[in-house]
Amino acid sequence: MVDIITKAANTAPSKRQYEWQKMEFYGFAHFGMNTFTEREWGDGSESPALFNPSDFDADQWISAVKAAGMTGLILTAKHHDGFCLWPSAYTEHSVKSSPWRNGEGDVVREVSDACRKGGIKFGIYLSPWDRHEPSYGSGEEYNTFYKNQLRELMTNYGELFCLWFDGACGEGKNGKKQEYDWEGYYALIRELQPNAVINICGPDVRWCGNEAGKCRKSEWSVVPSSMVDNEKTAEKSQHEDDAAFAKKVDSTDEDLGSRAVIEKAKDCVWYPCEVDTSIRPGWFYHKNQDRKVKSLKKLIRIYESSVGGNASLLLNIPPDKRGLIADADVKRLREFGEYLRNTYSENLAKGAAAHSDECEGVSTSGDMALTESGEEFWKPADGTEKAELTVDFGEKVQFSRMVLGEHILTGQRVEKFGIYAEKKGKWIRIFSGTVIGYKKICKFKKTKASKIKIVFEQSRVCPTLSKLEVYR
Ligand code: FUL
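Residues numbered from 1 in each chain as written. Predicted model: local features only at pLDDT ≥ 70, side-chain atom pairs only at ≥ 80, totals over all residues. Heavy atoms only, no water.

**Digging into the side chain of Asp320**
So, point 1. Residue placement: Asp320 occurs in the loop between strand 10 (311-316) and helix 12 (327-343).
So, point 2. For Asp320, the residues in contact, after removing those within four places along its chain, are Phe31, Thr35, Tyr285 and Ala326. (Helix = DSSP H or I, 4+ residues; strand = E, 2+ residues; numbered from the N terminus. Contact = heavy atoms within 4.5 Å.)

Below, the structure is given as C-alpha cells:
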C-alpha cells in the first residue's frame with residue numbers, strides 16, 4: 001500500500017481546477033438590493049421598487065476589471081435577501097418587478113455579455129440562504145426552487161467559470177432550517193457547466209478561512225478529504241455536538257496540509273485555496289466608505305501573499321447606486337494593474353541557463369528550459385527529496401524578487417527551500433521558504449549577482465519546477 005505522504009505528493013488538480021488556478025486574480029461584484037438600502041444583509045422584505053441604478057453600465061465594470069489585471073468576474077445574482085438580478089421565472093422578487101429599464105432589464109445578461117466582449121471569464125454567486133423565498137426551510141420544495149434558479153443561470157448566460165456557494169446563514173437557533181441538497185446542486189452543475197469550479201461550499205476550491213485577505217505561511221492545495229465539507233453550514237450546525245466533527249481540521253486552522261496533518265488523515269484531496277476580500281470595508285457599496293478604499297500598498301500585500309502564496313485572489317469591487325464602479329475604486333484598480341505590469345513584466349531569467357545535477361526531467365543534461373509557458377518542467381528522479389538548481393545569467397544582474405512555481409499537474413511537493421546568490425565566489429542565502437505550489441513570490445533585499453541557486457531542502461517524493469522568474 002502506498003503511504004499517505006506519497007499519495008499526497010501524487011494528488012493533482014482536475015482539469016477544471018487547473019484552469020481555474022491559472023486565472024490567479026479575479027473580481028467579485030456585490031450588487032443588488034443592499035446597494036440601494038445601504039445594508040450588508042437585507043431581510044427579504046425590501047420592495048423591488050428600490051432597485052433602480054441610474055447609469056448602469058457593465059462595460060465600465062469590465063474596463064476597471066481589466067485595468068487591474070483581473071481575469072474573471074463573479075456576480076451576486078442573488079444575495080441573502082433573495083432579490084434576483086435576472087428575471088427568474090420562479091419568483092416575482094427580481095429586476096422584472098423593478099422600475100429599472102421598465103422591468104425589462106437583466107443585470108446577469110448585461111454583465112455576462114460585457115465579460116465575454118472583454119475577454120473576461122464570468123462566474124455566478126447564488127446565495128443558498130434566501131430570506132425572501134417562502135419555501136426556504138421547507139426542504140425539498142426550496143431545493144427544487146434553488147435548482148431551477150441554478151438551471152436558469154447555467155443555461156442562459158453562456159459558459160461560467162465558477163459557481164460560488166456562500167455558507168453564511170444568520171437564521172440562528174430558532175430560525176428556519178433548510179437542508180440543502182448539495183449533491184443535487186453539484187450534479188446539476190457537472191451536467192450543465194462541466195468546466196466550472198464549485199467554490200467554498202463545494203468540492204473544487206476552498207475558502208481561506210477569513211475575509212481580511214490573509215493567507216497562511218504554508219498554503220497547501222492537498223488537504224485532508226474531510227475539509228471538503230467544512231463550509232456546508234447546515235450540516236455543520238447539525239454536528240455541533242459531535243466530538244469527531246469538532247476535532248476535524250477547520251478552514252480557519254493555520255496548518256491544513258503539513259506532514260503531521262496529512263499523516264493523521266484518512267485520505268487527502270486536491271482542494272486549493274481562494275482568498276476573498278473586499279476593496280472596501282463592506283461587501284456592498286456604501287457612500288460613506290468612499291475614503292476607505294484599500295490603499296495600493298495594502299492591495300499589493302494581499303496580492304503578493306495570496307497569488308504569490310499558492311492561493312487565488314477574489315477581490316470584491318462593489319458597484320454603486322449608479323450601477324458603476326465608483327471613481328475612487330476605478331483609480332485604485334488602475335494603479336494596482338500598473339504596479340503588476342511594471343513589476344512582473346520583464347523576467348530577467350528568460351533565456352538564462354538553469355542546471356541541476358539531480359535532474360531527470362525534460363533534458364538529460366540537467367538543464368531546465370526556462371520557457372514562459374510552464375509546459376516543460378524540471379523534475380529529478382522519484383525519491384530525490386533534496387536537490388539544487390542553479391541559474392546562470394551570464395552577467396551580473398540586479399533583482400529583488402523571484403517567482404517560482406511547481407508543476408502542479410504532478411502534485412504539490414516542496415516543503416522547504418532556500419534561495420542563494422553567488423557573491424565573490426560564495427553562496428549567500430537571500431530567502432527561506434516553505435511551500436511553493438502553483439506560484440510563490442519570493443521577495444528579498446535588492447541583490448546583484450550573476451548566479452543564483454534554489455536549494456530544495458525538503459519535499460515529498462521529489463520537487464518539480466515549471467516556473468522560475470526573476471524580477472528587478
Ligand atoms: C459572506 C456573506 O454573508 C457576505 O455578505 C458576502 O457575500 C461574503 C462574500 O460572504 O458569507
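**A few points about the confidence of the model for the protein**
So, point 1. Across the protein, the average pLDDT comes to 92, with 93% of residues at or above 70.
So, point 2. Counted against residues more than four places away or in other chains, residues 237-247, with its pLDDT under 50, gives three contacts. (pLDDT = per-residue confidence, 0-100.)

**Here we look at the site of the ligand**
So, point 1. Around the ligand lies a shell formed by Phe28, His30, Trp41, His79, His80, Tyr125, Trp164, Asp166, Ala168, Glu211 and Trp283.
So, point 2. Residue His30 places a side-chain N or O atom 2.7 Å away from an oxygen atom belonging to the ligand.
So, point 3. Within the side chain of Trp41, one N or O atom sits 2.9 Å away from an oxygen atom of the ligand.
So, point 4. In isolation the ligand has 290 Å² of accessible area, and contact with the protein removes 91% of it.
So, point 5. Grouping the constituent residues of the shell around the ligand by class yields six nonpolar, three polar and two charged. (Near = heavy atom within 4 Å. Polar contact = N/O pair within 3.5 Å; in protein donor to acceptor, adjacent residues only side chain to side chain. Areas by Shrake-Rupley, 256 points an atom, 1.4 Å probe, with all protein chains shown as cover. Nonpolar A, V, L, I, M, F, W, Y, C, P; charged D, E, K, R; others polar.)

**So, the packing of helix 4 (residues 58-67) against helix 12**
So, point 1. With their axes 7 Å apart at the nearest point, helix 4 and helix 12 run at an angle of 30 degrees to one another. Classed by the angle they form, the pair helix 4 and helix 12 counts as roughly parallel. The residues of helix 12 that touch helix 4, namely those facing Gln60, Ala64, Lys66 and Ala67, are Val330, Leu333, Arg334, Gly337 and Arg341.
So, point 2. Broken down by class, the residue content of the contact of helix 4 with helix 12 amounts to four nonpolar, two polar and three charged. (Axes fitted to C-alpha atoms, helices over the stretch in contact; angles between N-to-C directions. Parallel < 35°, antiparallel > 145°, perpendicular 65-115°, else oblique.)

**A closer look at the environment of Tyr438**
So, point 1. Looking at the element boundaries, Tyr438 is found in the loop between strand 15 (426-433) and strand 16 (440-459).
So, point 2. Since its relative accessible area comes to 10%, Tyr438 is described here as buried.
So, point 3. A sequence separation of 355 residues divides Tyr438 from Phe83, and the C-alpha atoms of the two residues are 37 Å apart.
So, point 4. Beyond its immediate sequence surroundings of up to four residues, Tyr438 is in contact with Gln21, Lys22, Glu24, Asn310, Leu404, Gly405, Glu406, Ile408 and Lys467.
So, point 5. A distance of 3.2 Å separates a polar atom in the side chain of Tyr438 from a polar atom in the side chain of Glu24. (Buried < 20%, exposed > 50% of the residue type's maximum accessible area, 1.4 Å probe, protein only.)

**A look at helix 5 (residues 107-118)**
So, point 1. Taking 1.5 Å per residue as the helical rise, helix 5 with its twelve residues ought to reach 16 Å, and the 16 Å between its terminal C-alpha atoms agrees with that figure.
So, point 2. Taken together, the buried positions of helix 5 are occupied by Val107, Val108, Val111, Ser112, Ala114, Cys115 and Gly118. Angularly, the buried residues of helix 5 cover 160 degrees about the axis, an arc narrow enough to put them on a single face.
So, point 3. In the core, the buried residues of helix 5 are packed alongside helix 4, strand 2 (72-78), strand 3 (121-126) and helix 6 (140-155). (Expected span 1.5 Å × (residues − 1). Arc of directions from axis to C-beta.)

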